[in-house]
Amino acid sequence: MNFTLTIMGTASAMPISDRNPSAQMLAVHGRLFLLDCGEGTQQQMRRAHLAFLKVEAIFISHIHGDHMFGLFGLLNSMTMYGRTADLYIYGPRALGSVLNFYRSFFGEHESYEIKFVPVDCREPQLVHTSKWVRVSAFPLSHKIECYGYRFDEIVTDRHWQENPAYHPKSYAYCSDTTPFPQLAEYVRGVDLLYHEATYPVEMADKAAERGHSTTAQAAQCARDAGAGRLVIGHYSSRIKDFDALVQECREVFPETVAAQDGDVFDF
Ligand SMILES: [Zn+2]
Ligand SMILES: [Zn+2]
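Residues numbered from 1 in each chain as written. Chains lettered and ligands numbered in written order. Predicted model: local features only at pLDDT ≥ 70, side-chain atom pairs only at ≥ 80, totals over all residues. Heavy atoms only, no water.

Protein coordination at the zinc ion (ligand 2) comes from His-62 (NE2), His-64 (ND1), His-142 (NE2) and Asp-176 (OD), with a distance range of 2.2 to 2.3 Å. For the zinc ion (ligand 2), the four donor atoms are set out with angles of 92 to 169° between them, so the coordination reads as irregular. Along the chain, the residues donating to the zinc ion (ligand 2) are arranged with the sequence spacing H-x1-H-x77-H-x33-D. The distance between the zinc ion (ligand 2) and the zinc ion (ligand 1) comes to 3.5 Å, and Asp-176 binds to both of them. In this pair, His-64 is assigned in the loop between strand S4 (55-59) and helix H2 (71-80) and Asp-176 in the loop between strand S10 (170-174) and helix H5 (182-186), connecting sequence segments 112 residues apart. Residue class for His-64 comes out partly exposed when judged on its relative accessible area of 26%. (Donors = N, O, S within 2.8 Å, 3.2 Å for Na, K, Ca; no water. Tetrahedral: all angles 85-135°; square planar, octahedral: opposite > 155°, others 65-115°. Helix = DSSP H or I, 4+ residues; strand = E, 2+ residues; numbered from the N terminus. Buried < 20%, exposed > 50% of the residue type's maximum accessible area, 1.4 Å probe, protein only.)

A separate point is the nonpolar core. Counting 56 residues, the largest nonpolar core has Phe-59, Tyr-149, Phe-151, Tyr-171, Val-187, Leu-193 and Ile-232 as the members making the most contacts within it. With five residues, the top contributor of residues to this core is helix H7 (residues 215-225). Excluding its chain neighbours within four sequence positions, the residues that come into contact with Tyr-171 are Phe-3, Leu-5, Gln-24, Leu-26, Leu-35, Tyr-149, Arg-150, Phe-151, Val-190, Leu-192, Tyr-194 and Phe-267. Core analysis: the next-biggest nonpolar cluster, separate from the first, contains 26 residues, Cys-37, Leu-74, Tyr-102 and Ile-114 among them. (Core = buried A, V, L, I, M, F, W, Y, C linked by side-chain atoms within 4.5 Å. Contact = heavy atoms within 4.5 Å.)

Every protein donor of the zinc ion (ligand 1) is accounted for by Asp-66 (OD), His-67 (NE2), Asp-176 (OD) and His-234 (NE2), and the metal-donor separations fall at 2.1 to 2.2 Å. Every donor counted, the four donor atoms about the zinc ion (ligand 1) form angles of 90 to 166° at the centre, which fits irregular coordination.

A few words now on H7. One full turn of an α-helix is made of 3.6 residues, so residues set three or four places apart face in the same direction. Of the residues making up H7, those classed as buried are Thr-215, Ala-216, Ala-218, Ala-219, Cys-221, Ala-222 and Ala-225. Turning to H7, the residues buried within the fold contact H5, strand S11 (192-196), strand S12 (229-233) and helix H8 (242-250). Remark: Gly-226 follows H7 within two positions and exhibits a positive phi of approximately 65°.

Moving on: the pairing of S12. Counting buried residues in S12 gives four out of five residues, a clear majority hidden from the surface. As paired elements, S12 and strand S13 (residues 256-258) share three bridges and run parallel to each other. Each residue of the ladder has a partner; that of Leu-230, found in S13, is Thr-256. Chirality of the crossover, the property in question, places the unit of S12, H8 and S13 among those that are right-handed. (Pairing = 2+ DSSP bridges. Right-handed = clockwise from strand over helix to strand, strands pointing away.)

Right under this line is the structure:
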């Protein structure tokens, strides 16, 4: 298992007692990549035994609080742990101002350097290359500028020699978005697709109005993309019946799981 995804938050705008806002950790051969950082992320990392100092990069989808209110606390704790390695943070350009605000008030004694790289693309674009994985950003369709991220495993020549039939792993994170045709292209063929499913099918009007997707729309993206498996999350705080929710997806795309906080997916 080269990729391990830990879901740390499945709530939407409002955190509730058993659901935190959006945050996920993807481990690739032991290196950690944080996707969004909602309130409570560092406590969720502790519960999941994810080491703060092993986080190589953070990818923020957009500047809505439920995707980034946990950032300041996490950045500060990294200094308390004595981090020295550079920390790469990717996100919309406006995130730069947020990080400058953090630095100006709280960053005086930072033990490491934050390397902010603004994402600004209309098509998928390679943003980060690590030892084992390439990360691309792609645009989503939300109320404000918003990006998804795709991780493709890098396979070395030696790897191919050892196992010519090896299938490189891939993962895509589709944060807040309304459906649009190109999205399936951006995430084509991934082993695991996370796609928000804020509302059930009957609330399609509300989903469109608020820049979100329904269960069936998430499932349709997974089907059109030929994904291996679909994980949904970012549930409206009103959602209580997960069986009904996942059933709506499975009618379109059978390989669907409704994530709960703390769920781990190995692939
Ligand atoms: Zn959100
Ligand atoms: Zn949002």
